[in-house]
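In case you want the letters, here they are:
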Amino acid sequence: SFEGKIDNEKIIYLYSLNEKGEPGFDIINPINIENKNFLINRGWVKMNEKNNPFFTNTEKFVGIFREKSKSSYFKPENDLSNNYWFKLEDNDLEKHTGLKFSNYIIYLTSSNLSIIPKPKNISANLSNNHLKYALTWFSLAISIFLIYLYFRKKNY
């Protein structure tokens, strides 16, 4: 949890998909926390809600602090004049807001599902494929053993 002042004038609409694969935008604002500038991802909205006002006067927040993802060459360039973003690049962020930001972004968390913008569900999603791995290695071992028996029989 933290306290900070959100800049409601510099909203960034970052194109993204929700959990169901629907296109929309992440609402991202600059936030000042103890005289340091960060980006705060307040949540996801539908495409047709892009120009709705998403102002907040709240100064106390709960969120998850994560490193910004690296931009991909396959994503299109940001359209700053229409506030249509595909990636959070430092050069574009500085042009749009006039501020320099940390390499981290804060994702708001909330248990209230009726909130708009809807906060992203951030969790550690570790794969647990031990049974698949065990079956794969066991079947490889049996295959190699059968091949060994075949060639041994053929040579004698």
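Before reading on, note that the structure itself is shown above.
Summing up its helical and strand segments, the protein has two helices and eight strands in all. Beginning at the N terminus, the succession of helices and strands in the protein can be written as β-β-β-β-β-β-β-α-β-α. Across the 156 residues that make up the protein, the buried fraction comes to 33%. In the protein, the share of contacts with a sequence separation of at least 24, taken over all contacts with a separation of at least 6, comes to 61%.

The next subject is the pattern of salt bridges. The full count for this structure, using the stated rule, is three salt bridges. Among the ionic pairs, Asp-90 bridges to Lys-68, the shortest N-O distance being 2.9 Å. A residue pair is termed long-range when its members are at least 10 positions apart, and Asp-90 in helix α1 (residues 90-97) and Lys-68 in the loop between β7 (63-67) and α1 qualify at 22 residues. The shortest N-O distance in the salt bridge between Glu-77 and Lys-87 comes to 3.5 Å. With Glu-77 in the loop between β7 and α1 and Lys-87 in the loop between β7 and α1, this pair connects stretches of sequence that are ten residues apart.

Take unusual backbone geometry next. In this model, Glu-34 sits at a positive phi of 50°, which is unusual for a non-glycine residue. On the secondary structure map, Glu-34 appears in the loop between β4 (23-33) and β5 (36-46).

Now for a nonpolar patch on the surface. Residues Phe-138, Ile-142, Phe-145, Leu-146, Tyr-148 and Leu-149 make up a contiguous nonpolar surface patch of roughly 620 Å² in combined accessible area. The residue Tyr-148 is located in helix α2 (residues 130-155) in this model.

A separate point is the environment of Asn-41. Mapped onto the elements, Asn-41 comes out in strand β5. With a relative accessible area of 3%, Asn-41 lands in the buried category.

Let us look at the environment of Ile-27. One can find Ile-27 in strand β4. Given the relative accessible area of 0%, Ile-27 is considered buried. Residues Ile-27 and Ile-11, spaced 16 residues apart in sequence, show a C-alpha to C-alpha distance of 6.7 Å. Ile-27 has contacts with Ile-11, Ile-12, Tyr-13, Ile-40, Asn-41, Arg-42, Gly-43, Val-45, Phe-54 and Pro-117, leaving out every residue within four places of it along the chain.

Let us now look at the nonpolar core. If you look at the biggest cluster of nonpolar residues, it comprises ten residues: Ile-12, Leu-14, Ile-28, Leu-39, Trp-85, Leu-88, Leu-93, Phe-101, Ile-105 and Tyr-107. Counting only elements with at least two residues in this core, the list comes to β3 (12-17) and β8 (104-108). Apart from the residues lying within four places of it in its own chain, the contact partners of Leu-39 are Ile-12, Ile-28, Asn-29, Pro-30, Lys-68, Leu-88, Leu-93, Phe-101, Tyr-104, Ile-105 and Ile-106. Grouped together as the second largest cluster of nonpolar side chains are nine residues, Phe-2, Ile-31, Phe-38 and Ile-106 included.

The subject of this paragraph is the packing of aromatic side chains. Within this structure, the stated rule accounts for ten aromatic pairs. Where Tyr-13 meets Phe-25, the ring centres are 6.1 Å apart and the plane angle is 80°; that geometry is what we call edge-to-face. Linking Tyr-13 in strand β3 with Phe-25 in strand β4, this pair joins segments that are twelve residues apart in sequence. For the residue pair Tyr-13 and Phe-25, the accessibility class agrees, reading buried in each case. Both rings, one in Phe-25 and one in Tyr-84, keep their centres 5.2 Å apart while their planes meet at 85°; by these two values the pair is edge-to-face.

Rules of the game
- Residues numbered from 1 in each chain as written.
- Predicted model: local features only at pLDDT ≥ 70, side-chain atom pairs only at ≥ 80, totals over all residues.
- Heavy atoms only, no water.
- Helix = DSSP H or I, 4+ residues; strand = E, 2+ residues; numbered from the N terminus.
- Buried < 20%, exposed > 50% of the residue type's maximum accessible area, 1.4 Å probe, protein only.
- Contact = heavy atoms within 4.5 Å.
- Salt bridge = Lys/Arg side-chain N within 4 Å of Asp/Glu carboxyl O.
- Patch = residues over 30% accessible without salt bridge, like charges linked within 9 Å, V, L, I, M, F, W, Y side chains within 5 Å.
- Areas by Shrake-Rupley, 256 points an atom, 1.4 Å probe, with all protein chains shown as cover.
- Core = buried A, V, L, I, M, F, W, Y, C linked by side-chain atoms within 4.5 Å.
- Phe/Tyr/Trp six-rings, centres within 6.5 Å; stacked < 30°, edge-to-face > 60°.

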